[in-house]
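# Observations on the three-dimensional arrangement
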Amino acid sequence: MPYLVKPEHLAAAVAGPIPANRELPRAAIIGAGSSGIAAAKALYMAGIPFDCFEKGSAIGGNWLLDNPNGQSACYETLEINTSGPRMAYSDFPMPADYPPYPRHELVHAYFEKYVDHFGFRDAITFNTTVQDVSRNPQGGWLVRTSGPDGEHAATYDAVLVANGHHWDPKWPEPAYPGTFDGEQIHAHNYRSGDQLEGREVVVVGAGNSAMDIAVEGSFRAKSVALSIRRGQWVLRKSLLGKPSDQVALPGWMPWWVTGVRLRIGAITSGRLRKHGLPVPSHKPGQSHPVQSDAIRARIAAGRVSVRPGIERFEGREVVFKDGTRAAADLLVWATGYRVTFPFLDPSLVSAADNDLPLWKRTVHPDLPGLFFIGLAQPVGAVMPVAEAQSAWVAEMLAGTYAPPPADGIRRQMLRDHERNKKQFYASPRHTMEVDFDHYLWDLDRERRRGRQRAGVSTRAVPRAADGRIRA
Ligand SMILES: Cc1cc2nc3c(=O)[nH]c(=O)nc-3n(C[C@H](O)[C@H](O)[C@H](O)COP(=O)(O)OP(=O)(O)OC[C@H]3O[C@@H](n4cnc5c(N)ncnc54)[C@H](O)[C@@H]3O)c2cc1C
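All values reported here derive from a predicted model rather than from experimental measurement. Counting starts from 1 at the beginning of each chain's written sequence and moves along it residue by residue. Where totals are concerned, whole chains, interfaces and linings use all residues; where local detail is concerned, this predicted model gives features only for residues with pLDDT of at least 70, and gives and counts side-chain atom pairs only at 80 or more. Neither water nor hydrogens contribute to the side-chain values; these are computed over all heavy atoms in the structure.

Each helix is a run of DSSP H or I of at least 4 residues and each strand a run of E of at least 2, with the numbering of both proceeding from the N terminus. Looking at where Ser34 falls in the secondary structure, it is placed in helix H1 (residues 34-46). Partly exposed residues are those whose accessible area sits between 20% and 50% of the maximum for their type, while under 20% is buried and over 50% is exposed, using a 1.4 Å probe and protein chains only. Judged by relative accessible area, which is 10%, Ser34 ranks as buried. Not counting residues up to four positions away in its chain, the partners in contact with Ser34 are Tyr89, Phe111 and Met383. Here, residues are in contact when the closest pair of their heavy atoms is within 4.5 Å.

As a further point, take the pattern of salt bridges. The salt bridge criterion pairs a side-chain nitrogen of Lys or Arg with a carboxyl oxygen of Asp or Glu, the two atoms within 4 Å. Inspection of the entire model under this criterion finds 30 salt bridges. In this structure, Asp116 and Arg121 form a salt bridge, with 3.1 Å as the shortest nitrogen-oxygen distance. Classification of Asp116 by relative accessible area gives partly exposed; the value is 49%. Residue Arg121 is classed as partly exposed on the basis of its relative accessible area of 25%. For Glu151, the salt bridge goes to Arg144, with nearest N and O atoms at 3.7 Å. On the accessibility criterion, Glu151 (58% relative accessible area) is exposed.

Let us now look at the packing of helix H8 (residues 382-398) against helix H10 (residues 436-453). When two helices pack together, their arrangement is given by the angle between the helix axes and the distance between those axes. Simply put, an axis is a line fit to the C-alpha atoms, just over the touching stretch for a helix, and the angle between two N-to-C directions goes from 0 to 180 degrees. For the pair H8 and H10, interaxial distance at closest approach is 10 Å and the crossing angle is 10°. The orientation of H8 relative to H10 falls into the category roughly parallel. Counting all contacts with H8, which are made through Pro384, Val385, Ala388, Gln389, Ala391, Trp392 and Glu395, the residues of H10 involved are Phe436, Tyr439, Leu440, Leu443, Glu446, Arg447 and Arg451. Residues that form the contact of H8 with H10 fall into these classes: 9 nonpolar, 1 polar and 4 charged. Roughly parallel means an angle under 35 degrees; roughly antiparallel, over 145; roughly perpendicular, 65 to 115; everything else is oblique. Amino acids outside the nonpolar list (Ala, Val, Leu, Ile, Met, Phe, Trp, Tyr, Cys, Pro) and the charged list (Asp, Glu, Lys, Arg) are all regarded as polar, and Gly is one of them.

As summarised here, the arrangement of the 3 strands in space is S4-S5-S6, forming an open sheet in which the pairing is antiparallel. Two strands close off the open sheet at either side, each with one partner strand: strand S4 (129-135) and strand S6 (150-156). In this sheet, adjacent strand axes meet at a mean angle of 20° when their direction is disregarded. DSSP calls a pair of strands paired once it identifies at least 2 bridges connecting them. The pairing of strand S5 (residues 141-147) with S6 spans 7 bridges and is antiparallel. Looking across to S6, one finds that Ser146 is bridged to Glu151.

Ring geometry is summarised as follows: Phe, Tyr and Trp rings, the Trp one being its six-membered ring, pair when their centres sit within 6.5 Å, and such pairs are stacked at plane angles under 30 degrees, edge-to-face over 60 and tilted between the two. The tally for this structure, following the rule as stated, stands at 19 aromatic pairs. Aromatic side chains Phe92 and Tyr110 sit 5.5 Å apart centroid to centroid with 35° between the ring planes, which places their arrangement in the tilted category. In this pair, Phe92 sits in the loop between helix H2 (84-87) and helix H3 (104-118) while Tyr110 sits in helix H3, placing the two residues 18 residues apart along the sequence. An identical accessibility class is assigned to Phe92 and Tyr110; each is buried. Aromatic ring contacts, followed pair by pair, group Tyr44, Tyr89, Phe92, Tyr110, Phe111, Tyr114, Phe118 and Phe120 into a single cluster. Geometry around Tyr101 places Lys237 over its ring, the cationic atom sitting 4.8 Å from the centre. The criterion for a charge sitting over a ring is simple: Lys NZ or Arg CZ within 6 Å of the ring centre, and within 35 degrees of the ring normal. Across from the ring centre of Phe219, 3.8 Å away, lies the NZ or CZ of Arg298, which sits over that ring.

In the region of the ligand, 31 residues are neighbours, and Ser35, Glu54, Asn69, Asn81 and His166 sit closest. Definition of a polar contact: a pair of N or O atoms within 3.5 Å, with one able to donate and the other able to accept a hydrogen when the atoms are protein atoms, and with sequence-neighbouring residues admitted only if both atoms are side-chain atoms. At 3.0 Å, a side-chain N or O of Ser34 approaches an oxygen atom of the ligand. Contact between the ligand and Ser35: an oxygen atom at 2.7 Å from a side-chain N or O atom of the residue. Here the accessible surface of atoms and residues is derived via Shrake-Rupley with a 1.4 Å probe, and residues count as covered only by protein chains that are part of the display. A total of 980 Å² of accessible area belongs to the ligand in isolation, and the protein chains cover 94% of it. Put simply, the parts of the chain that give the shell around the ligand at least two residues each are H1, S4 and H8. Of the residues assigned to the shell around the ligand, the class counts are 13 nonpolar, 16 polar and 2 charged. Note on definitions. A residue lies near a molecule or strand when any single heavy atom of the residue is within 4 Å of it.

What follows is about the pairing of strand S17 (residues 310-315). Side-chain direction in a regular strand flips from residue to residue, so the side chains alternate between the two faces of the sheet. In this structure, strand S8 (residues 178-180) lies alongside S17, joined through 3 bridges in parallel fashion. Looking at the pairing, Gly178 lines up with Phe313 of S17. Bridge analysis of S17 against strand S18 (residues 317-320) gives 4 bridges, and the strand direction is antiparallel. Bridged to Phe313 within S18 is Val318. What sits between S17 and S18 in their antiparallel hairpin is a turn of 1 residue.

With that out of the way, let us pick up the confidence of the model for the protein. For every residue, the predictor states its confidence as a pLDDT score lying anywhere from 0 to 100. Here the protein shows a mean pLDDT of 88. Residues at 70 or above account for 92%. For residues 1-22, every residue scores under 50 in pLDDT, and the model assigns this stretch 52 contacts once sequence neighbours within four places are set aside. For residues 460-471, every residue scores under 50 in pLDDT, and the model assigns this stretch 39 contacts once sequence neighbours within four places are set aside.

Here we take up the sheet that holds strand S2 (residues 50-53). As a general point, the strands of a sheet are linked pairwise by backbone hydrogen bonds and lie either parallel or antiparallel. Ordered by their spatial adjacency, 5 strands build an open sheet running S3-S2-S1-S7-S21, and the pairing between neighbours is parallel. Lying at the two open borders of the sheet, with one neighbouring strand each, are strand S3 (124-125) and strand S21 (370-372). Pairing geometry for strand S1 (residues 27-30) and strand S7 (residues 158-161), over 4 bridges, is parallel. Paired with Ala27 across the two strands is Ala158, which belongs to S7. In the packing of H1 onto the sheet, the strands contacted are S1, S2, S3 and S7, and the crossing angle to S1 comes to about 160°.

Glancing now at H3. Residues lying three or four places apart along an α-helix face the same way, a consequence of the helix completing one turn every 3.6 residues. Here the expected length of a helix is defined as 1.5 Å per residue gap, with one fewer gap than residues. The end-to-end C-alpha distance of H3 is 22 Å, a good match for the 21 Å that 15 residues give at a rise of 1.5 Å each. On its buried face, H3 sits against H1, H2 and H8. Gly119 sits one or two residues past H3 and shows a positive phi near 75°.

Structure representation (structure tokens):
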């Protein structure tokens, strides 16, 4: 069944903002990446007064190559691994002439158009870093910023954290025994195949970046070894002639039914063992999807050799767990990211082992007014998730949604946690994993219930014909 954007997810026509209502709570948004702009748009359309602070000089975060914010992991050949229709915001499709998996420039241009289309660019304060967020003893949140015109502090009723979770590289801990005499970079610092030209490269990891870098190295480097500690199902991007993620089942179905797409994808993508790739001990759909159309061909061409985990280093050699060795002068650690919030006191909020329990991955259950947008790793794209979270927060702030009692929230958190534990294998890689279709369906249901509790229309998006949320 094709993935369809549900009509109730579609926002109504755009009619510009309603005048800022001073009686509504005031919010700060941290970041103007794809999550921050989704948040800004939702608050703007709801007429909620807000400031959006962006430390760089541009919107788009990770999707701007060499973003002046110094935080983007984008490389020259980066293409999305979630298809355009899956990644697009529900009320703003990607241009019809985009390929199914556009490159980063097109993705960034799309975000630029989104901001201009809804017209909230002026609400973003660029080159301004949020340095500190703390509880104001008089109520609300004290937000301290630094920018070109110095330091400022202001109190907000709500803070929407959208600082991204792919910017703080995770290096192996503890370090492997021995000494490596070559160069080491994290995938976060990988920009182009030029960095691999003529070199003896070992890429460590089994995620999407590891596959991309190994494939690129297979054309540019002298040799490429791909070290994989735990096997992953590596899927092709197309299934039955269409982008594979556009074949999806309704979110209300149990995960072991909806996971059938990934199981079919795994079967039709080609056998792993035949290509020297380790066979995972989990089923397809029980981990974050890894996609590569080219890795099997490059292994078959003898240009990438697959190895197990690293045992130790010996100068310019890497010794692997199976006793084999690879000469190396460049190690690329594609070992993921740490989830960190430099502006929050760790005694208040920290994500040890990348785990930060949140209600529907959005609401801090113990800190009223603190929300997280896009802090999820969906089996699907982040943007529609961030969009739905933002619309939900806008409803909370506008008073058109009423939450259940605290014990109901705890029960939901526990239920969601148990579901995720059953679906995804235990790993820091999956602490924030959400099943995209189920998550959007479930959040939509909770939003409808909350509107009922608040005594307002139970239609999915309670907007007037001019696009304004009805308070
Ligand atoms: C290589 C790679 C490929 C990916 N491919 C996909 C994909 O195909 N599909 C998908 O859905 N996701 C993908 N992702 C996940 C990616 O995280 C999301 O696509 C998206 O970038 C998340 O947007 P964000 O706004 O949450 O974070 P970011 O894009 O990281 O943006 C965060 C913004 O916050 C700003 N900021 C941070 N701290 C502060 C501060 N203190 N004060 C002010 N501003 C601040 C930053 O400058 C930045 O602009 C990929 C990630 C990587 C690394």
